[in-house]
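An overview of the molecular structure
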Amino acid sequence: MKSKDQILAEVRDRLVDLDSEAVKTACREALEAAVPPLEVVTRGLARGMEVVGERFERREYFLPELIMAGEVMREGLGVVEPHLTGSETQSGPMVVIGTVRGDMHDIGKGVVALLLRALGFQVRDLGFDVPAERFLEAVKEGGVRILAMSALLTATMPEMERVVDWLEKEGLRDRVKVIIGGAPITKAFGESIGVDYATNDAVEGVNVCKKWAAE
Amino acid sequence: MDVKERLLNAFTKGPVDKIPWLDAYGMAGRGRVEREARNMGMGIWWSRFLYDTELPNVTVEEKMKDGIIQRTYHTPKGSVSTKFRMSHGFGVSAGTPASRWFTNGFGPPDPWPWIIEYLIKEPSDYEAVRFMVEDAVLTPNYESLKRAEESLGSDGVMLARVEKSPIQKMFIQLMGVRTFALHYYKYRDKFDELRQAIEDKDDEAWRIAARSPAKIVHLPENLDGVVISPQIFERYHLPYYNKYASMMHESGKIVTAHMDGRLKSLARLIGKTDIDAIDAFTPPPTGDLSIAEAKEVWRGKFALFINFPVSVYLLGEKETRRYMAELLSSIAPGYGFIIGMTEDVPSHLIPMAVRVLGSALQDAYVPLSSDLQR
């Protein structure tokens, strides 16, 4: 008979293999073996996504693998979720994320949102071409711990500064951590506009959010 | 040596008197800034398609609401639709799969069509899209290129434009990266059939290019090594590039491919291609492959048209000048290199960008010194 650790490792590893049928089977077997559903999610599926993220960071996996892993996780969750209690489905800290106005490149932003969701964050994805006002409104609505903005076009990067300025003017800056990302983003640019973190690496950004969530 | 000769020689790694530079997509516009840049030796690059396209058995219906254009293609194999809207900055045209995707004259600062909903959303969409690809009739038209070349004279270079290679077209123009990823894993048969149909149609376009008066053929790839894995590149891109580079070489032409993304993970495999030049090569901090690394892995195999990373301009003129000096030092002695702008530059920074590039490059005589104190 398999131990709980072995059963959860099976869930994790099949997700890393990007095998959705095998993940669903492993999740069902875990539930049948009376593994707590929340552990199937956190120590099986979410841990698998972490491994996928690590491989992505090491350029052993690429965007198609990351996206497919998100799909496999979603299918695994479909098996486990009906068994979670109400309190267990409550998610972690809320992140508002979007690509700034004028920019419709949202691949990197999608990757970050995918990984954050897999790690249990509540993610409110505002999409692309998001005006500063919408970021501000989202923060005003409350409950937001992290504001994440992305840009690929250098010409749209000043929009990030506008959002930060507005947060300051509205007295909201201290309520949220602000992180920016995108291929042209540099630490120097981030410092110059007063954000808490700037990166051009999706996994690095997710790791920073994890650190903030743990504070 | 005039601008055209300098650029052509750089693209073929021949002798040049100084490093050529280009404003690839007209960021400097027309007027004082551009005139001053041209006076400092800046060249022009124009590209033209060499064929007209028709889809004789497809009807197109277009609706517009709230600034969003919905275009539906009706084919005997079913209907597919795409949505796009006009916006500023570089976007992705919502043309037909085997047609001319870009309209000359579009591009920053003009509005550009951005796809917000792709043609292929479901596996059931493949058949209609494949029909559109196979239905496309390409009719050679060399007049546009000839007229443009006459008009351009010795002020720059003309390029013949072909389509993105099938995989790049599928993920950028037909399905978006999410559907691309899921269908690559879940519906490989349909995915591969469409890819092959596009390549078969591309074959006609490349043969038209081979018979054209163009000296340089431009493959507008937008390759990025975060999206495209080495496995995908080796399976699909590499044989495609080599097949058509070989065809162009037999016709006395060279091929330049637009690879503006992060290339480190693909560098070794790119080195196996028979293309002649890489344009829009973007070094750090935006790209992830430095000039030194590119030189080491490719050993001068390709002419490199280097995009000056725009994020550097945002750090001010002093830092831009420092980066420029370092860049020139890193490409020394400088044969087979072109420097320029190939991405969006915030409009308020264009005069500074042109000033820094122009003042450094108008006197960048080769062989360059690798001494940073130039």
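Residues numbered from 1 in each chain as written. Chains lettered and ligands numbered in written order. Predicted model: local features only at pLDDT ≥ 70, side-chain atom pairs only at ≥ 80, totals over all residues.

1. Points about the overall build of chain B
The cut-off we apply is this: Where helices and strands are cited, they refer to DSSP runs of H or I of at least four residues and of E of at least two residues respectively, numbered from the N terminus. The reference for a compact globule is 2.2 Å times residues^0.38; the radius of gyration itself is calculated from the C-alpha atoms. Two residues form a contact once the distance between their C-beta atoms, set from the backbone, is within 7 Å.
Along its length, chain B carries 13 helices and 14 strands. Against the compact-globule benchmark of 21 Å for 374 residues, chain B has a radius of gyration of 21 Å, which places it among compact chains. In terms of overall dimensions, chain B has C-alpha extents of about 65 × 40 × 40 Å along its principal axes. For chain B, contacts bridging at least 24 residues in sequence account for 76% of all contacts bridging at least 6.

2. Points about the domain arrangement of chain B
Note the cut-off: Note that domain bounds follow an automatic or database assignment of domains.
Taken domain by domain, chain B holds domain 1 (3-50 + 141-361) and domain 2 (56-119). Here domain 1 of chain B and domain 2 of chain B have C-alpha centroids that lie 24 Å from each other.

3. Brief notes about the interface of chain A and chain B
Quick reminder of the rule: Residues are grouped as follows: Ala, Val, Leu, Ile, Met, Phe, Trp, Tyr, Cys and Pro are nonpolar; Asp, Glu, Lys and Arg are charged; every other residue, Gly included, is polar.
With 23 residues of chain A in contact, the opposing surface of chain B contributes 28 residues. Counting only elements with at least two residues in the side of chain A that touches chain B, the list comes to α4 (63-80) and α8 (187-193) of chain A. At five residues, α4 of chain A tops the list of elements feeding residues into the side of chain A that touches chain B. Tallied by class, the residues present in the side of chain A that touches chain B amount to 16 nonpolar, four polar and three charged.

4. Regarding the sheet that holds strand β3 (residues 144-150) of chain A
Residues and elements named next belong to chain A. As a reminder of what qualifies: Pairs of strands are assigned from DSSP output, requiring at least two bridges between the strands. What counts as an axis is a line fitted to C-alpha atoms, over the stretch in contact for a helix, and the angles between N-to-C directions run from 0 to 180 degrees.
Read across the sheet, five strands follow the order β2-β1-β3-β4-β5 without closing on themselves; strand pairing throughout is parallel. Looking at the sheet topology across the chains shown, the edges are occupied by β2 (122-125) and β5 (197-199). In this sheet, neighbouring strand axes are inclined to one another by 20° on average, regardless of whether the strands run parallel or antiparallel. On the sheet, helix α5 (residues 107-118) packs against β1 (94-99), β2, β3 and β4 (177-181) and is oriented at approximately 165° with respect to β1. Running over the sheet, helix α6 (residues 132-140) touches β1, β2 and β3 and is turned about 165° from β3.

5. Topic: the pairing of β4 of chain A
Side-chain direction in a regular strand flips from residue to residue, so the side chains alternate between the two faces of the sheet. All names here are of chain A. To keep things clear, this is the line we draw: Whether a residue is buried, exposed or partly exposed is read from the other C-beta atoms within 10 Å of its own C-beta, which are placed from the backbone; 20 or more gives buried, 12 or fewer gives exposed, and intermediate counts give partly exposed. By convention, orient the strands away from the viewer: a clockwise path from the first strand over the helix to the second makes the crossover right-handed.
β4 sits mainly inside the fold: five of its five residues count as buried. The pairing of β3 with β4 spans five bridges and is parallel. Within β4, the position partnered with M149 by the bridge is I180. Following the backbone out of β3, through helix α7 (residues 158-169) and into the adjacent parallel β4, one traces a crossover that is right-handed. Of the pairings in the sheet, the one linking β4 to β5 comprises three bridges and is parallel in character. Of the residues in β5, the one forming a bridge with I180 is A198. Assessed by its sense of winding, the connection that carries the chain from β4 through α8 to β5 is right-handed.

6. Things to note about the domain arrangement of chain A
Residue and element names in this part refer to chain A. What the domain assignment reports for chain A is domain 1 (4-87) and domain 2 (91-214). The C-alpha-based centres of domain 1 and domain 2 are spaced at 27 Å. Domain 1 puts nine residues into the contact, and the matching count from domain 2 is nine residues. Listing elements by their share of the side of domain 1 that touches domain 2, those giving two or more residues are α3 (37-57) and α4. Here the element with the most residues in the side of domain 1 that touches domain 2 is α3; it accounts for five residues. A class-by-class count of the residues in the side of domain 1 that touches domain 2 yields six nonpolar, two polar and one charged.

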